[in-house]
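# Residue-level structure breakdown
Take a look at the letters that make up each chain.
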Amino acid sequence: MANTAPTNPFFYGGRIVDPPRFVGRTQEIRFIIQRMSGAQMTSVGVVGPPRIGKSSLLYHLYQTYPERVQASQWFLVSYVSLQDARVRNLAGFLQTVGNALATARRWHPKAALLPAWPTPCRDLPTFRQGLQTMAEAGLRCVLCLDEFEALLDAPTEFDDHFFDALRAAVDDQVLMLIIASARPLSFYGSRVRSVSRFFNLGNTRYLEELSEDEARELVRLPIDVGGSVPALGVGDQALALRLGGRHPYLLQMAAYTVFEAQVSGQDETWIRAQFERAAGDYRGVRVRVRQWLAHS
C-alpha cells in the first residue's frame with residue numbers, strides 16, 4: 001500500500017470550517033456570547049481588515065454556540081455569507097436567510113414542538129412574521145451576516161426601507177445580528193447617505209492580530225484532530241512565528257509552508273521563498289484595500 005502524506009493541519013485562503021482547527025479569539029467570542037444571552041439581545045458588528053479572521057470567527061460561533069450559551073435550546077442561530085449569489089436581491093436575501101433559520105429550526109432539539117418557518121419567504125412582512133412566530137415560541141433568532149459590504153452594491157434592492165425593517169426587528173427583540181465588515185456600520189451609513197437608524201446598530205468589536213499566546217497555540221496544532229503531538233517541531237514553530245508574526249492569515253500561511261517543507265524535505269531557503277511569494281500577493285491586496293478605504 002502506498003504511503004499517504006499526512007494532512008496539513010494549517011489552512012489559509014478562506015474561513016476555517018473544522019472547529020478543532022479554530023484557535024483563539026476567546027475574548028471576542030465571550031463579548032458576543034454575553035450579548036446573545038443577556039436579558040436583552042444586543043447586536044454586534046465585528047470589524048476588521050480583510051484576512052483578519054472575521055469570517056472564521058462568525059462561522060465558528062455559529063458552529064459552537066450550543067456549547068457556549070446557557071439554555072442554548074432557546075436559540076436559533078444561522079450563518080449567511082452575503083457573497084452568496086443567491087442574496088444579491090431582496091427576495092433572494094430573505095429566502096436564503098429564511099432557509100438558514102428554517103434549517104436551524106429543523107435541527108433544533110424541540111423541533112417537533114416548534115411552529116413552522118413560513119415558506120416561501122420573499123418579502124419583508126413574511127420574514128417579520130416568521131421572526132415574530134419564533135419569538136412567541138420562546139426562541140431567540142440570531143443571524144450571522146458575513147461580508148456586509150456586498151449589500152451596498154445593490155442600493156435599489158437594499159434601501160432604507162429594508163434597513164429600517166431589520167432595525168425594527170432588532171429593536172423588538174425578535175432578531176439579533178452579528179455582522180462582519182471592514183469598517184463600522186456608521187461609516188457605511190454616511191457613505192450611502194442613509195438616514196436609517198440601522199447604521200447606528202448595537203456594539204462594535206474590532207478584530208485585531210492574535211495575542212502572543214494565541215499565536216503560539218496556533219503553531220502547536222496537532223496533525224490529527226484530538227491529538228496532542230504538535231505537527232511542527234519546536235524549531236519549526238519558531239520559524240513560522242518569525243515569518244508570520246501574530247497576523248492570523250500570515251501565520252497560517254507560514255505554518256502551512258513550514259509543514260509542507262517538513263513533509264517534502266525542503267530547507268529554510270525554500271520555505272522563505274515560498275512564503276514571501278504568497279505573502280507578497282496578499283500584501284499587494286492589503287495596499288489596494290487601504291487605498292480604497294482612504295478614498296471611499
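In the block above lies the structure referred to throughout.
A short tour of the structure in this document, coming up. (Residues numbered from 1 in each chain as written. Predicted model: local features only at pLDDT ≥ 70, side-chain atom pairs only at ≥ 80, totals over all residues. Heavy atoms only, no water.)

Helix and strand content of the protein: 10 helices and five strands. A globule of 296 residues ought to have a C-alpha radius of gyration of about 19 Å, and the protein, at 21 Å, matches this closely. Counting every position in the protein, which comprises 296 residues, the buried fraction comes to 47%. Residue pairs at least 24 apart in sequence account for 73% of intrachain contacts in the protein once pairs closer than 6 positions are excluded. Looking at the protein as shown, the accessible area adds up to about 14,700 Å², and 49% of this sits on carbon and sulfur atoms. Taken as two groups, the 32 positive and 29 negative side-chain charges of the protein have centres that lie 2 Å from each other. (Helix = DSSP H or I, 4+ residues; strand = E, 2+ residues; numbered from the N terminus. Rg over C-alpha atoms; globule rule 2.2 N^0.38 Å. Buried < 20%, exposed > 50% of the residue type's maximum accessible area, 1.4 Å probe, protein only. Contact = heavy atoms within 4.5 Å. Areas by Shrake-Rupley, 256 points an atom, 1.4 Å probe, with all protein chains shown as cover. Lys, Arg positive; Asp, Glu negative; His and termini not counted. Charge placed at Lys NZ, Arg CZ, Asp CG, Glu CD.)

The subject of this paragraph is the environment of P155. Within the secondary structure layout, P155 lies in the loop between β3 (140-146) and α5 (160-171). Assessed through its relative accessible area of 52%, P155 is described here as exposed.

Further remarks concern the packing of aromatic side chains. Throughout the structure, instances matching the rule amount to 18 aromatic pairs. Between F187 and Y188 the ring centres are 5.2 Å apart and the planes differ by 80°, which places this aromatic pair in the edge-to-face class. We classify F187 as buried; its relative accessible area is 16%. Residue Y188 is classed as buried on the basis of its relative accessible area, which comes to 0%. Put simply, the rings of F93, F148, F158, F162, F163, F187, Y188, F198 and F199 touch in pairs and so form one group of aromatic residues. Seen from the ring of F31, R35 lies directly overhead, with NZ or CZ sitting 3.6 Å from the centre. One Lys or Arg, R183, reaches over the ring of F187 and ends 4.1 Å from the middle of that ring. (Phe/Tyr/Trp six-rings, centres within 6.5 Å; stacked < 30°, edge-to-face > 60°. Lys NZ or Arg CZ within 6 Å of the ring centre and 35° of its normal.)

Judged by pairing direction, the sheet is parallel, and its five strands sit side by side in the order β2-β3-β4-β1-β5 without closing on themselves. The outermost strands of the open sheet, each flanked by one partner alone, are β2 (75-81) and β5 (203-206). Put simply, the sheet's adjacent strands are angled 15° from each other on average, direction ignored. Bridge count between strand β1 (residues 44-47) and strand β4 (residues 176-181): four bridges; the pairing is parallel. In the sheet register, V47 faces β4, and the bridge partner there is S181. In the packing of helix α2 (residues 54-64) onto the sheet, contacts are made with β1, β2, β3 and β4, and the angle to β2 comes to roughly 150°. Sheet strands touched by helix α3 (residues 90-106): β2 and β3. Its angle to β2, the strand with the most contacts, is close to 140°. (Pairing = 2+ DSSP bridges. Axes fitted to C-alpha atoms, helices over the stretch in contact; angles between N-to-C directions.)

Another aspect to go through is the packing of helix α1 (residues 26-37) against α2. Axis separation between α1 and α2 bottoms out at 11 Å; the angle between their running directions is 55°. By the angle between their directions, the pair α1 and α2 is classed as oblique. Crossing of α1 over α2 shows right-handed handedness. Within the contact between the two elements, α1 uses E28, I29, I32 and I33 and α2 uses L57, H60 and L61. For the contact of α1 with α2, a count of residues per class yields five nonpolar, one polar and one charged. (Parallel < 35°, antiparallel > 145°, perpendicular 65-115°, else oblique. Left-handed = near helix turned anticlockwise from the far one by under 90°. Nonpolar A, V, L, I, M, F, W, Y, C, P; charged D, E, K, R; others polar.)

Before going further, it helps to examine the nonpolar core. Within the largest apolar cluster, 44 residues are counted, with the highest numbers of intra-cluster contacts made by F93, F127, L131, F148, F163, L177 and F198. Elements with a contribution of two residues or more to this core: β2, α3, α4 (124-136), β3, α5, β4 and α6 (185-191). Looking at this core element by element, the count peaks at seven residues for α3. When sequence neighbours within four positions are dropped, the list of residues in contact with F148 reads L82, F163, I179, A180, S181, L185, Y188, F198 and F199. (Core = buried A, V, L, I, M, F, W, Y, C linked by side-chain atoms within 4.5 Å.)

This brings us to α2. Of all 11 residues in α2, nine are buried; the element is thus mostly enclosed. Of the surrounding elements, those touching the buried residues of α2 are α1, β1, β2, β3 and β4.

Viewed as axis vectors pointing N to C, helix α8 (residues 234-244) and helix α9 (residues 248-264) meet at an angle of 140°, and their least axial separation amounts to 8 Å. The orientation of α8 with respect to α9, classified from their angle, is oblique. Considering the relative orientation of α8 and α9, their crossing is right-handed. Here α8 contributes D236, L239, A240, L241, L243 and G244 to the contact with α9, which in turn contributes L250, L251, A254, A255, V258 and Q262. Tallied by class, the residues present in the contact of α8 with α9 amount to nine nonpolar, two polar and one charged.

What follows is about the side chain of R35. Examined against the element boundaries, R35 turns out to sit in helix α1. One buried charge, R35, has no salt-bridge partner; the nearest side chain with opposite charge is E28, at 12 Å. Excluding residues within four positions of it along the chain, R35 makes contact with Q40, M41, T42, V44, M176 and N203. (Salt bridge = Lys/Arg side-chain N within 4 Å of Asp/Glu carboxyl O.)

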